[in-house]
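Chain by chain, the residues run as shown.
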Amino acid sequence: MADFIYLMETRLTPDQQRAVALVTDVARAHEMNIFLTGGAVRDIISGFIIRDLDFSVQGNALKLQKDFEKAGAVTEATDEGTRTIMLLLPGNVRAEVTSARSERYDKPGKPAEVIPGTIYDDMRRRDFTVNAMALSLNPGSRGLLTDPFNGVADIETKVLRVLHNYAFYEEPSRLIRATRLITRFHWTLEERTQARYDAAKENNYIENISDRAVGHEVEQLAHEDNPIEVLKALEKEGWLKVLAPHLSVSKIDSSALNQLFKVKQQMQEVGVNPDASPIVMYFLTRKLGDKDISAMQKQIVNKGFVERWKHVEDDAKDFAKKLMAKDLALPSQTWKFLMTNRPDALLFNAITPRAAAVEQKIKNFLTKWPQVRQKLPFPEMAEMRITPEHPEYKKILDEAFLMLLDGKLRSHTEIVKFLEPYSPPEPPPPPPPPRRGRAKKEAAPGAPGDQAPKKRGRKPKNALAGAAVPAPATLPAEAVTPPPAAAPAKHPAPPAAAKQKGAPPAVAQKAAASKLAPVKAPAKAPAKPAAKKPAPKKAAAKKSAPAKKKGKKK
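Our subject in this report is the structure included herewith. (Residues numbered from 1 in each chain as written. Predicted model: local features only at pLDDT ≥ 70, side-chain atom pairs only at ≥ 80, totals over all residues. Heavy atoms only, no water.)

**A short note on the pattern of salt bridges**
Applying the stated criterion to the full structure yields 28 salt bridges. A salt bridge links Arg 125 to Glu 103; its shortest N-O distance comes to 3.8 Å. Here Arg 125 is found in the loop between helix H5 (119-124) and strand S8 (134-136), whereas its partner Glu 103 is found in strand S6 (residues 101-104), with 22 residues between them in sequence. Overall, the relative accessible area of 15% leaves Arg 125 in the buried class. Ionic pairing is found between Lys 322 and Asp 318, a salt bridge with its closest N-O pair at 3.6 Å. A residue pair is termed a helical-turn pair when its members lie 3 or 4 positions apart in one helix, as Lys 322 and Asp 318 do in helix H17 (residues 312-323) at four residues. Residue Lys 322 is classed as partly exposed on the basis of its relative accessible area, which comes to 45%. Look at the salt bridges and you will find they share partners, linking Arg 51, Asp 127, Arg 177, Arg 180, Arg 184, Glu 217 and Glu 224 into a network. (Salt bridge = Lys/Arg side-chain N within 4 Å of Asp/Glu carboxyl O. Helix = DSSP H or I, 4+ residues; strand = E, 2+ residues; numbered from the N terminus. Buried < 20%, exposed > 50% of the residue type's maximum accessible area, 1.4 Å probe, protein only.)

Below, the structure written as structure tokens:
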């Protein structure tokens, strides 16, 4: 089973993640259950670019409008009939918050009767299976997928399937939407869906489309990543005449649109995410008359989008004047301004002719200055223990980047001087390692029971003879210790000291005592040394000699 919490965290941009958190917090403050629905869930699962966010709440979404505005969102439009709010959230994230509902169509193309319902009712009213899924954003079930029509399977097979037989009859705008989606995703219509699509086209159901639905589909053209290909598909199917009778592929400004998407990608690489939809619509309709453009704008429900479309040129001129102000003389000042002010106006100025100074600043922002950032982090930062674990690491990088733009960090000395206040102190040396093993105790000389450790192995024969051994009377009983046990022999050998001629009696006594048990008190001398014991060996040797001689005779 897919981990949809992980997918949301990885597939959504940082701005979109903050937008999801904002909308969720506002809905939960009103104790409303909230779900991420529609195209956002489809794009998270399929891997396509997530263009906007759709939310469904179980309750009246219009009650959340004031709280959204307090949190920094801009309300672009509201729909009282469907209880829907269209928002522009911080970071230019487009979102739509609607009330969960069920719909009933009395006549094709007419507004549906809206009935408040559950999230399952909201899924059943939708157009295609891939759009009829919801991800819970509630604390107890966050990340739980609701997929009553098995839309995940259709995403895997890359097909578009309607939910019921009357989908194109009740809402003819779904014919245009189906063409737009299969062109964008390069999918195909499911077999029965294709049959219903052909029947609806043959019976001319598109005549029943409402102006509100036309306006919605016109706006969606501006949000496409490749609107030229979508317009070609719509023109081939005959739907483009329904949306804009005077619009055709030959009348759009293709070169400007291609340049727009190229510059938009450069801005996203820098870290700026513009909403290019008003500019896209500007170049799509640039060659149309004012009356035709005005008629299209009246059909669009999202009036905030229409206002931004109308004022594209004026906003760009005002932006260019601010860019040439005296307080933006330094590159670092220009960088801060372009990063935080009207990315859509920056995009429009980048693809339209402007003053040479404005063009140069925008060119530096998109191409030259990002290369300066590649010099960071400095090698000196690692030497001075300024690593990513440093609490102010990002702040240091940003400040160093701005100083590099202004040419203030050119030498090693300047870099070290800048980094010194941020360098943490050297860590204390590690404690010495503990000593392993037992500590040896120094024995007092003459202490009973203490003696130097003996070396292992056999001692030479003359070792005991040459050593000065104290008299037996002076040795305590505890000092007489038996030698290590040896393997038993058939005939015990006499002590080495006893075999030597002229050995002192004390040496012979000590050697004999080592074979015996410890004695309580030293004895005067043994009665008889065991020197005659090897005699049996000599006798055995004499007996074996004649046997060898006999063997030779034989």
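**Focus on the packing of aromatic side chains**
Counted by the stated rule, this structure contains 15 aromatic pairs. Here Phe 48 and Phe 185 contribute two aromatic rings whose centre-to-centre distance is 4.4 Å and whose plane-to-plane angle is 40°, an arrangement assigned as tilted. Within this pair, whereas Phe 48 is found in the loop between helix H3 (39-46) and strand S2 (53-57), its partner Phe 185 is found in helix H8 (residues 173-185), the two being separated by 137 residues in sequence. We classify Phe 185 as buried; its relative accessible area is 5%. (Phe/Tyr/Trp six-rings, centres within 6.5 Å; stacked < 30°, edge-to-face > 60°.)

**Observations regarding the packing of helix H10 (residues 211-222) against helix H14 (residues 277-284)**
Between H10 and H14, the least distance of the axes is 7 Å, while the angle of their chain directions is 100°. Taken together, the axis directions place H10 and H14 in an arrangement best described as roughly perpendicular. Facing Val 218, Leu 221 and Ala 222 of H10, the residues of H14 in contact are Ser 277, Val 280, Met 281 and Leu 284. Looking at the contact of H10 with H14 residue by residue, the class counts come to six nonpolar, one polar and no charged. (Axes fitted to C-alpha atoms, helices over the stretch in contact; angles between N-to-C directions. Parallel < 35°, antiparallel > 145°, perpendicular 65-115°, else oblique. Contact = heavy atoms within 4.5 Å. Nonpolar A, V, L, I, M, F, W, Y, C, P; charged D, E, K, R; others polar.)

**A closer look at the environment of Val 41**
Within the fold, Val 41 resides in helix H3. Considered as a pair, Val 41 and Leu 145 are 104 residues apart in the sequence and their alpha carbons are 9.2 Å apart. Apart from residues lying up to four places away in sequence, Val 41 is in contact with Leu 36, Met 133, Ala 134, Leu 135 and Leu 145.

**Quick word on the sheet that holds strand S3 (residues 74-79)**
Spatially, seven strands are ordered S3-S4-S5-S2-S1-S8-S9 in an open sheet, and the strand pairing comes out mixed. The outermost strands of the open sheet, each flanked by one partner alone, are S3 and strand S9 (145-146). Across four bridges, strand S1 (residues 34-37) lies against S2 in antiparallel orientation. Bridge assignment links Ile 34 to a residue of S2, and that residue is Val 57. (Pairing = 2+ DSSP bridges.)

**Focus: helix H9 (residues 191-202)**
The end-to-end C-alpha separation of H9 is 17 Å, in line with the 16 Å expected for 12 residues at 1.5 Å each. Along H9, the positions that sit buried rather than exposed are Thr 193, Tyr 197 and Ala 200. Here the buried residues of H9 occupy an arc of 65° about the axis, which is enough to place them on one side. What points out from H9, more than 90 degrees from its buried face, is the exposed set Glu 191, Arg 192 and Glu 202. Just past H9, the residue Asn 204 takes up positive phi, approximately 60°. (Expected span 1.5 Å × (residues − 1). Arc of directions from axis to C-beta.)

**Digging into unusual backbone geometry**
The omega angle of the peptide bond from Leu 376 to Pro 377 is 0°, so this bond is cis rather than trans. With respect to the helices, strands and loops of the structure, Pro 377 is situated in the loop between helix H20 (356-372) and helix H21 (379-383). Of note, Asn 204 is a non-glycine position whose phi angle comes to about 60°, a positive value.

**As for the packing of helix H15 (residues 290-299) against helix H16 (residues 303-310)**
Closest axis-to-axis distance for the H15/H16 pair is 9 Å, and the angle between their directions is 155°. Considering their axes alone, H15 and H16 lie roughly antiparallel with respect to each other. Every residue of H16 that contacts H15 at Ile 293, Met 296, Gln 297 and Lys 298 is listed here: Lys 303, Val 306, Trp 309 and Lys 310. For the contact of H15 with H16, the residue count by class is four nonpolar, one polar and three charged.

In short, the description is geometric, and any link to function would need to be established separately.
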